[in-house]
Amino acid sequence: MNHSIYSADRTTHLKVVVVALVAGILVAGFGISARIADEGLTQTASAPVVKAGKPVAITSSANTVVR
């Protein structure tokens, strides 16, 4: 029984690494399969493109400046 990571032997460290590696592969595989199977939710742009016009300067002389 190894209660501390510092006093653990080589096989215990190897078991921890193998379990972490297998868990990582399973999570990555699940994420990839969920991403590939999601064919129906793709979005396409259907709105017309709005281009910017000429620059406009908006001014007003009704404002008072307090300094």
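Definitions and limits used
- Residues numbered from 1 in each chain as written.
- Predicted model: local features only at pLDDT ≥ 70, side-chain atom pairs only at ≥ 80, totals over all residues.
- Heavy atoms only, no water.
- Helix = DSSP H or I, 4+ residues; strand = E, 2+ residues; numbered from the N terminus.
- Buried < 20%, exposed > 50% of the residue type's maximum accessible area, 1.4 Å probe, protein only.
- Areas by Shrake-Rupley, 256 points an atom, 1.4 Å probe, with all protein chains shown as cover.
- Patch = residues over 30% accessible without salt bridge, like charges linked within 9 Å, V, L, I, M, F, W, Y side chains within 5 Å.
- Salt bridge = Lys/Arg side-chain N within 4 Å of Asp/Glu carboxyl O.

### Some thoughts on the overall build of the protein
In step 1: Within the protein, the secondary structure is distributed over one helix and zero strands.
In step 2: A buried classification covers 1% of the 67 residues belonging to the protein.
In step 3: For the protein, the accessible area works out to roughly 7100 Å², and carbon and sulfur atoms hold 65% of it.

### Considering a nonpolar patch on the surface
In step 1: Side chains of Leu14, Val18, Val22 and Leu26 sit close together on the surface and give an oily, nonpolar patch of about 380 Å² of accessible area.
In step 2: Position of Leu26 among the secondary structure elements: in helix α1 (residues 10-36).
In step 3: Taking the relative accessible area as the measure of exposure, Leu26 reaches 59% and is therefore exposed.

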